[in-house]
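Per-entry structural report
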Amino acid sequence: MDPPTMWRATTVQACGMWPFAAGSGSPMTGVPLGQHLFTGATVCGDPLSWFTRARYISNPSLFMLGMPGLGKSTLVNRMLIGLAATGVVPLVLGDLKPDYADTVRALGGQVISIGRGRGGINVLDPGAMGAAAARIGGEAGEVLKAETHGRVLNMVAALVTIVRGHPMNDHEQSVLSAVLHHLRERTPEGRAALLPDLLRVLTEGPERVRAVTLDRGDDTRYRDAVDPLHRSLLGILDGPLGDTFASQTSTRIDPAAPAVCIDISGIGEADTQLTAAAMLAAWSDGLGTVAASHALADAGLTPRRWFFTVLDELWRPLRAASGIVDRIDALTRLNRSLGLGDAKITHTLKDAEALGTDSDRAKARGFVERAGMVVCAGLPRAEMEELGKVVGLSRREIELVSSWSSPPGWGVTGEHEEPPGRGRFLIKVGGRPGIPIKVDITDAERRLHNTNTRWTPNEVAIEQSLVQTVDQVARAAQEELPPLPGRWTA
């Protein structure tokens with residue numbers, strides 16, 4: 001049986017009803033999300049509030065699934081706005097559509113565009129971590145410099161992996177590490193090395209680099225050891241990634257910004273290599289900024305800040321390169337220690353099945369298993385049955401969410417009809433019964449977040465087209481029928 005409808009009010013509003021007022025079981029901690037679908041009670045929640053304040057979940061992460069067009073990114077946009085109001089810094093590290101750029105601008109945040117002819121990222125730039133290490137100094141600063149070196153090494157290795165289609169071997173990583181150390185010691189203060197500088201060092205062959213190749217003074221042995229890496233770096237610079245990663249960073253992330261969005265929507269959907277590289281670079285740069293912020297806070301130089309990252313359209317970067325699966329997998333295991341909450345959004349669990357290896361598929365399924373909150377929009381019954389094996393869904397919950405995947409009815413009046421599942425979500429936490437909610441967006445949210453902008457009628461263009469059509473008809477009529485005395489002309 002459905003529970004009776006309950007209403008919530010403040011003690012001032014409901015004082016005349018006391019002692020007959022009753023509380024409901026809907027959580028009230030976090031960002032206001034919407035109304036309980038059955039009781040009408042307000043439901044609040046977000047991964048950070050439920051982890052830090054309410055202690056409902058043991059991992060500050062959210063995983064969202066649902067068919068396109070049902071409002072998944074709209075709900076996450078609401079969380080961004082609510083969390084930003086509490087001082088949390090939203091980080092959208094790779095906005096593929098974009099869905100969040102306008103929201104970040106409205107919050108007074110920073111939007112950075114990445115893509116050919118739009119902007120680039122220098123993967124050798126120490127960024128916020130390098131600046132923080134110099135500011136902290138001492139032993140703590142040296143530790144942060146070492147972490148910065150590891151981040152840069154991993155990022156260059158990831159680019160090589162994307163170009164090759166398979167990972168670097170351990171020997172090549174040792175050579176690359178020696179080259180980066182050599183560059184760091186000889187690059188002037190205030191300037192970051194570039195990928196062409198790596199090629200120059202490999203060509204010159206300084207003693208520090210030769211030592212790890214075991215060339216024993218034989219130039220031929222040295223060239224045999226470094227030439228494969230040399231060719232891969234040339235492939236990055238002269239291939240599809242060169243324009244984006246071969247020059248200095250166009251715009252650095254501002255550590256003091258109230259929100260940050262790295263917009264990669266200018267990259268074509270079919271350009272999987274550049275998409276993968278841009279996603280990895282965005283994550284590397286963004287997480288480096290998070291690490292720098294916490295290091296400065298640990299040193300007592302800045303106040304502590306929390307961060308909330310968003311990875312929408314998860315299936316696109318997952319399919320682009322296996323390195324991204326490992327990066328996201330590491331993040332989901334460590335976000336508690338990073339002071340970082342995250343939201344990952346995709347369509348179905350079947351997106352993970354399209355990955356190339358069993359290891360990658362297992363890691364992708366682990367995202368759902370480790371998520372503190374799982375939010376379901378409309379999904380087909382078969383998908384819900386599969387999800388139920390991971391999350392634990394009742395028969396009633398499977399039927400409810402499956403009903404939201406139906407298309408809208410055939411409109412007989414010509415009026416616009418929305419899908420029955422738009423704005424409806426089921427929130428699952430562990431083995432608890434799910435919380436079904438309905439989200440009604442405000443006019444401000446509607447203006448900021450429209451994922452169908454390309455399908456919005458352009459009234460100006462329509463009016464111009466009508467004027468042109470009338471002019472063409474008029475000219476044609478005048479050419480065929482010359483005006484006569486007393487005859488009307490167009």
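Quick summary incoming for the structure in this document. Not measured: the values here are computed from a predicted model. (Residues numbered from 1 in each chain as written. Predicted model: local features only at pLDDT ≥ 70, side-chain atom pairs only at ≥ 80, totals over all residues. Heavy atoms only, no water.)

**What about the overall build of the protein chain?**
Scanning the protein chain from terminus to terminus reveals 19 helices and 11 strands. Counting the 490 residues in the protein chain, one finds 48% classified as buried. A separation threshold of at least 6 residues defines the contact pool for the protein chain, and within that pool the share at least 24 residues apart is 70%. With an accessible surface of roughly 24400 Å², the protein chain has 54% of that area assigned to carbon and sulfur atoms. (Helix = DSSP H or I, 4+ residues; strand = E, 2+ residues; numbered from the N terminus. Buried < 20%, exposed > 50% of the residue type's maximum accessible area, 1.4 Å probe, protein only. Contact = heavy atoms within 4.5 Å. Areas by Shrake-Rupley, 256 points an atom, 1.4 Å probe, with all protein chains shown as cover.)

**What to know about helix H15 (residues 358–370)**
Helix length check: H15 (13 residues) gives 18 Å between terminal C-alpha atoms against 18 Å at 1.5 Å per residue, within 8%. Residues of H15 that are buried: Asp 360, Arg 361, Ala 364, Gly 366, Phe 367 and Val 368. (Expected span 1.5 Å × (residues − 1).)

**A closer look at the nonpolar core**
Leu 124, Leu 198, Leu 233, Phe 245 and Leu 387 are the most contacted members of the largest nonpolar core, which totals 84 residues. Looking at which element gives the most residues to this core, the answer is helix H11 (residues 272–298), with 11 residues. With sequence-adjacent residues up to four places away left out, Phe 245 is seen in contact with Ile 121, Val 123, Leu 159, Leu 195, Leu 274, Ala 277, Ala 278 and Ala 281. The next biggest cluster of nonpolar side chains, apart from the first, holds 36 residues, and it includes Ile 57, Val 92, Ala 101 and Val 439. (Core = buried A, V, L, I, M, F, W, Y, C linked by side-chain atoms within 4.5 Å.)

**Some details on the pairing of strand E1 (residues 32–36)**
Across three bridges, the pairing between E1 and strand E2 (residues 42–44) is antiparallel. Each residue of the ladder has a partner; that of Pro 32, found in E2, is Cys 44. As defined by bridge partners, E1 adjoins strand E11 (residues 435–438) across two bridges and the pair is classed as antiparallel. When the bridges of E11 are listed, Gln 35 appears paired with Lys 438. (Pairing = 2+ DSSP bridges.)

**Describing the packing of helix H5 (residues 138–164) against H11**
At a minimum axis distance of 10 Å, the contact between H5 and H11 shows a crossing angle of 175°. Compared by their axis directions, H5 and H11 come out roughly antiparallel. Contacts between H5 and H11 involve Leu 144, Arg 151, Met 155, Ala 158, Leu 159, Ile 162 and Val 163 on the former and, on the latter, Gln 273, Ala 276, Ala 277, Leu 280, Ala 281, Ser 284, Asp 285, Gly 288 and Ala 295. The class makeup of the residues in the contact of H5 with H11 is 11 nonpolar, three polar and two charged. (Axes fitted to C-alpha atoms, helices over the stretch in contact; angles between N-to-C directions. Parallel < 35°, antiparallel > 145°, perpendicular 65-115°, else oblique. Nonpolar A, V, L, I, M, F, W, Y, C, P; charged D, E, K, R; others polar.)

**Some thoughts on helix H4 (residues 127–136)**
All buried positions along H4 are accounted for by Gly 127, Ala 128, Met 129, Ala 132, Ala 133 and Ile 136. Structurally, H4 contributes buried residues whose contacts are with H5 and H11. Positive phi appears at Gly 137, one or two residues downstream of H4, with a value of about 65°.

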